[in-house]
Amino acid sequence: MNVADSEVVVSILKETGFKQTDDINDAGLILINTCSIRENAEQRIWSKLKSIRHLKKKKKDLVVGLIGCMAERLKEKILETENLVDMVVGPDAYRELPLLVAEAESGHKAVNVLLSREETYADISPVRMDKNGVSSFVSVMRGCNNMCAYCVVPYVRGAERSRDPQSIMREVGELFESGYREVTLLGQNVDSFKWTYDGETTCFHDLLEKVAHVSPLLRVRFSTSHPKDISDELLKTIARYDNICKHIHLPAQSGSTRILKLMNREYSLEWYMDRVKAIRKILPECAISTDLIAGFCTETDEDHKLTLSLMEWAGFDFAYMFKYSERPGTKAARKLKDDVPENIKTIRLNEIISLQNKLSAKSKKLDVGKVFEVLIEDRSRRTGDNLSGRTSQNKVVVFPEEGHRKGEYVNVLIDKCTSATLIGKII
Ligand code: SAM
Ligand code: SF4
């Protein structure tokens, strides 16, 4: 989502005459797009600021701005604690950037952290910053209305709002025309996408279907689904289109209903399992990935074991795994005690990671001997003469070039795998 936002920022600035540079030493303006989701994400930004301090000493008129979630969370406080920063701009104020840069250039500290109920940057064509020119992100909503107890997103990105489907279709169409072959539709909870115009309502499954119609050669992915909202109707839409990828990211967070309740996730373990069963039934070829948090407030060994057994049962193909990190201002920070000791969080996270490594390896081994349609994305980073791409299930495949190029689809027979990659040959 931050990549997509940075692309919007670059577009707004280019419109007013700014140019991008690959060399930080050349820059007259440095913007750092920030994340607040866990404390270590913010720590990385403080280190980044330290690492550019020497540039400010060398160039007195250099303007440094912090943008995004951390700007929203800390507001003017950043200016008090870090004199290197000249500008603080929240995620809904990017249209003001040219004015704010001018203000900072005139020697004043510039701040705009107003959140909006409407801003979706729908009319802005993002300047793509990816290197491969094959796959791209498209933001379809902003903000979030779910108040998960641990999560800072609703506070730093504001209320949920959907983007006008017409502008989404225009952006996707332009991407396809300029050679892109995969789009990932982004939102914090895509299942609650809703747009009503002239008495006609577009839900997420309608949007997905419209995007799938752009071309059978365009792959469509999306992230993130919320287990409380993912519907059979959406699963059936995915089943109807070969170009809607058979991969669902369905963050479980925990396998304990008690912890899920404290997290305010609005589903139980049984509900989550029912959704996985529905995916397996309607989309038998579908990969499922998840997010898991280790050591949330009051989590016991029993709760943790329930998470491990959910993982075994679901056989997740992939997972993002985190230690609980208390975020100031969230419901958990206000109402619950962050009482799982750090060393226990570490032990539990390591157990989760090591189980997931086994499950990921198992999921890849099951693919050996099968043929997958692969969209070629680039040269393999490890072995330069091989190509790399992904299956519909979002698994990385590496294979010899044989005259093919990125952006093409090829059928690849998988003959072996490593822990992270499928290896095969084009047939
Ligand atoms: N909206 C998505 C959802 O609800 O699944 C994900 C949003 S969040 C950007 C990505 C992941 O970060 C979450 O699914 C959660 O696992 C993790 N996360 C969020 N807040 C956290 C916290 N305070 N500590 C640790 N992990 C956190
Ligand atoms: Fe955060 Fe929950 Fe919203 Fe996801 S759904 S962004 S975890 S509040």
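Structure's up top.
What comes next concerns the included structure. (Residues numbered from 1 in each chain as written. Chains lettered and ligands numbered in written order. Predicted model: local features only at pLDDT ≥ 70, side-chain atom pairs only at ≥ 80, totals over all residues. Heavy atoms only, no water.)

### As for the overall build of the protein chain
The cut-off we apply is this: In this text, helices come from DSSP runs of H or I with a minimum length of four residues, and strands from runs of E with a minimum of two, each type numbered from the N-terminal end. Note on method: radius of gyration uses C-alpha positions; expected globular size equals 2.2 Å times residues raised to 0.38. Each residue's exposure class comes from its accessible area (1.4 Å probe, protein chains only) as a fraction of the maximum for that residue type: buried when under 20%, exposed when over 50%, partly exposed otherwise. All accessible-area figures derive from a Shrake-Rupley calculation using a 1.4 Å probe, and residue coverage is judged against the displayed protein chains alone.
When its secondary structure is counted, the protein chain shows 14 helices and 19 strands. The C-alpha atoms of the protein chain give a radius of gyration of 22 Å, which matches the 22 Å a tight globule of 427 residues would have. Looking at the protein chain as a whole, 54% of its 427 residues qualify as buried. As presented, the protein chain carries roughly 20,000 Å² of accessible surface, and 52% of it is formed by carbon and sulfur atoms.

### With respect to the layout of surface pockets
We count it as follows: Both site types are read off a 1 Å grid over the protein atoms alone. A 1.4 Å probe that fits but cannot get out defines a cavity, while an open set with protein on both sides within 12 Å along at least five of seven lines defines a pocket; lining residues have an atom within 4 Å of a point. Grid points are joined across faces, edges and corners, and a volume is the space filled by probe spheres set on the points. Following the grouping adopted for this structure description, the nonpolar residues are Ala, Val, Leu, Ile, Met, Phe, Trp, Tyr, Cys and Pro, the charged ones are Asp, Glu, Lys and Arg, and the polar ones are all others, Gly among them.
Here the second largest pocket is characterised by a volume of approximately 880 Å³. What lines the second largest pocket is a set of 27 residues, among which Val-10, Gln-20, Thr-21, Leu-29 and Leu-31 lie closest to the centre. Secondary structure elements with two or more residues in the lining of the second largest pocket: α1 (2–15), β1 (29–34) and α2 (39–58). Taken together, the residues of the lining of the second largest pocket sort by class into 13 nonpolar, five polar and nine charged.

### Describing the site of ligand 2
Counted only if it meets this: We call a residue near a molecule or strand as soon as one heavy atom of that residue lies within 4 Å of the molecule or strand.
If you check the shell around ligand 2, you find Cys-144, Asn-146, Cys-148, Tyr-150, Cys-151, Val-153, Pro-154, Gln-188, His-226 and Arg-265 and nothing else. A per-class count over the shell around ligand 2 returns six nonpolar, three polar and one charged.

### Brief notes about the sheet that holds strand β5 (residues 135–139)
Our working definition: One bridge is not enough; two strands pair if DSSP finds at least two bridges between them. In this analysis, axes come from line fits to C-alpha atoms, helices being fitted only over the stretch in contact, and the angle between any two N-to-C directions falls in the range 0 to 180 degrees. Note on contacts: a residue pair qualifies if any of its non-hydrogen atoms lie within 4.5 Å across the two residues.
Spatial ordering of the open sheet is given by β5-β8-β11, a layout of three strands whose pairing is parallel. On the outer flanks of this sheet lie β5 and β11 (219–223), each paired with one strand and no other. On average, adjacent strands in this sheet sit at an angle of 25° to one another, irrespective of strand direction. Seen against the sheet, helix α7 (residues 165–177) touches β5 and β8 (182–186) and runs at an angle of roughly 170° to β5.

### Details of the site of ligand 1
Selection criterion: Distance and chemistry together define a polar contact, namely a pair of N or O atoms within 3.5 Å, with one atom able to donate a hydrogen and the other to accept it when in protein, and with adjacent residues in sequence counting only for side-chain atoms on both sides.
Taken together, the neighbourhood of ligand 1 is formed by 15 residues, with Gln-188, Pro-251, Gln-253, Asp-291 and Ser-325 sitting nearest. One of the backbone N or O atoms of Gln-188 is found 2.8 Å from a nitrogen atom in ligand 1. Gln-253 has a polar side-chain atom sitting 2.7 Å from an oxygen atom of ligand 1. Protein contact buries 89% of the 560 Å² of open area that ligand 1 shows by itself. Elements supplying a minimum of two residues to the shell around ligand 1: β13 (287–294) and β14 (318–323).

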